[in-house]
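# Examining the three-dimensional arrangement
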Amino acid sequence: MPQSKADRNKRLKINTAALRAEVRTRTKSEMLIWLRNVTGRQITAAGFEAIMRDHLPEESYYQTEVMEYIRDNYPGSFVWKAAAGPYSRQGIPDVCAVIEGHFFGFEIKRPFIGRLSKIQERTILEIQKAGGTAAVVSFWHQAKEVIEKYERSTQHRPQTGQ
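Attention in this report is confined to the structure presented alongside it. Predicted, not measured: the structure shown is a model, and the values here were computed from it.

### Topic: the nonpolar core
Core analysis: the biggest nonpolar cluster contains 33 residues, and L19, L35, M52, I70 and F106 have the highest contact counts within it. With five residues, helix α5 (residues 59-73) is the single largest residue contributor to this core. Ignoring any residue separated from it by four or fewer positions in sequence, one finds L19 in contact with I14, M31, W34, L35, I51, M52, H55 and L56.

Following this line, the structure appears as structure tokens:
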């Protein structure tokens, strides 16, 4: 009989708060090593996914973090959570923002376990082709890096139309 989430967590003795802190700064392979050290057990790929699903917040948690970062650090920005529904376009990034006249789309995925759909991949490419910035992120600091990279790329452009 399959183990329940509670049984699995009790047996492995994983501190959820510690795992959530570690996941912010480690790669997937580093997290696997960390989990092996913490649990004293060999962790399979399927086991790794199960542990991440059990211990990480839902995607909406990360979406809120990114939106709060943008609102707090770019007060003149326009930021929103894209709503999915029967009349909306599929594949639109979870968090959209216009910062100083430039469109940013952030597709938020849970660390190590979130996967893009084909329509999300195509939409990100279409946004980029149209001149916007679109990226896949899990954490607010990744969104910050995307925004700052764009800002650096536009700082040294020659002025036109003078």
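### A word on the layout of surface pockets
Taken as a whole, the largest pocket spans an internal volume of roughly 220 Å³. Along the walls of the largest pocket sit 14 residues, with A84, R89, G91, I92 and D94 positioned nearest its centre. Of the residues contributing to the lining of the largest pocket, the split by class is five nonpolar, five polar and four charged. Reported here for the second largest pocket is a volume of approximately 160 Å³. In terms of lining residues, the second largest pocket is bounded by 15 residues, among which P111, F112, S138, F139 and Q142 are the most central.

### Structural notes on the sheet that holds strand β2 (residues 95-99)
Spatial ordering of the open sheet is given by β1-β2-β3-β4, a layout of four strands whose pairing is mixed. Edge positions in the sheet fall to β1 (78-81) and β4 (133-137), since each of these pairs with one other strand and no more. When the angles between neighbouring strand axes are averaged without regard to direction, this sheet yields 15°.

### Digging into the packing of helix α3 (residues 28-39) against helix α4 (residues 45-55)
Between α3 and α4, the shortest axis-to-axis distance is 11 Å and the interhelical angle comes to 90°. As summarised for this structure, α3 and α4 are arranged roughly perpendicular, according to the angle between their axes. Touching K28, M31, L32 and L35 of α3 are F48, I51 and M52, all from α4. Classifying every residue of the contact of α3 with α4 gives six nonpolar, no polar and one charged.

### A short note on the environment of M67
Mapped onto the secondary structure, M67 falls in helix α5. Residue class for M67 comes out buried when judged on its relative accessible area of 10%. A sequence separation of 73 residues divides M67 from W140, and the C-alpha atoms of the two residues are 8.1 Å apart. With residues up to four places along the chain from it excluded, the contact list for M67 reads V79, W80, K81 and V95.

### Thoughts on the pattern of salt bridges
What the rule picks out here adds up to eight salt bridges. The closest approach of N and O atoms between E126 and R89, which form a salt bridge, is 2.6 Å. Here E126 is found in helix α6 (residues 118-129), whereas its partner R89 is found in the loop between β1 and β2, with 37 residues between them in sequence. Its relative accessible area of 41% is what places E126 among the partly exposed residues. Among the salt bridges present, the one from E107 reaches K109, with a minimum N-O distance of 3.7 Å. Side by side, E107 and K109 carry an identical accessibility label, which is buried. If you follow the salt bridges from partner to partner, you end up with E49, R53 and R115 in one network.

What counts, and at which threshold
Residues numbered from 1 in each chain as written. Predicted model: local features only at pLDDT ≥ 70, side-chain atom pairs only at ≥ 80, totals over all residues. Heavy atoms only, no water. Core = buried A, V, L, I, M, F, W, Y, C linked by side-chain atoms within 4.5 Å. Buried < 20%, exposed > 50% of the residue type's maximum accessible area, 1.4 Å probe, protein only. Helix = DSSP H or I, 4+ residues; strand = E, 2+ residues; numbered from the N terminus. Contact = heavy atoms within 4.5 Å. 1 Å grid on protein atoms, 1.4 Å probe; cavity = no way out; pocket = protein on both sides within 12 Å on 5 of 7 lines; lining within 4 Å. Points joined across faces, edges and corners; volume = space filled by probe spheres on them. Nonpolar A, V, L, I, M, F, W, Y, C, P; charged D, E, K, R; others polar. Pairing = 2+ DSSP bridges. Axes fitted to C-alpha atoms, helices over the stretch in contact; angles between N-to-C directions. Parallel < 35°, antiparallel > 145°, perpendicular 65-115°, else oblique. Salt bridge = Lys/Arg side-chain N within 4 Å of Asp/Glu carboxyl O.

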